[in-house]
Amino acid sequence: MATIKIKQIKSKIGYPIDQKRTLEALGLHKISQVVEKEDTPAIRGMIRKVRHLVTVVE
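Right, let's walk through the structure included here. Not measured: the values here are computed from a predicted model. (Residues numbered from 1 in each chain as written. Predicted model: local features only at pLDDT ≥ 70, side-chain atom pairs only at ≥ 80, totals over all residues. Heavy atoms only, no water.)

## Observations regarding helix H1 (residues 17-26)
Those residues of H1 that sit buried are Gln19, Thr22, Leu23 and Leu26. In an axial view of H1, the angular spread of the buried residues amounts to 100°, which keeps them on one side of the axis. Across H1 from its buried face, at more than 90 degrees, point the exposed residues Ile17 and Arg21. Among the structural elements, strand S1 (3-8), strand S2 (34-38), helix H2 (41-49) and strand S3 (54-57) are those in contact with the buried residues of H1. Remark: Gly27 follows H1 within two positions and exhibits a positive phi of approximately 90°. (Buried < 20%, exposed > 50% of the residue type's maximum accessible area, 1.4 Å probe, protein only. Helix = DSSP H or I, 4+ residues; strand = E, 2+ residues; numbered from the N terminus. Arc of directions from axis to C-beta. Contact = heavy atoms within 4.5 Å.)

## Regarding the nonpolar core
Residues Ile4, Ile6, Leu23, Leu26, Leu28, Val35, Ile43, Ile47, Val50, Leu53 and Val54 constitute the largest nonpolar core, which totals 11 residues. At the level of secondary structure, the elements contributing two or more residues to this core comprise S1, H1 and H2. Beyond its immediate sequence surroundings of up to four residues, Val35 is in contact with Ile4, Lys5, Ile6, Leu26, Gly27 and Leu28. (Core = buried A, V, L, I, M, F, W, Y, C linked by side-chain atoms within 4.5 Å.)

Shown next, in the form of structure tokens:
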């Protein structure tokens, strides 16, 4: 299956706990950190939830 790279571009400080937990579930802990995940509908939904905090790197 294909993979996607996700980069955290903004701090999670000041955002609701569910968004903080979504970032942790994606494996993101620091700004500019990049993780590689399988491209599944669940991961896409997590990215959509925190789209203001992350970007998908090509």
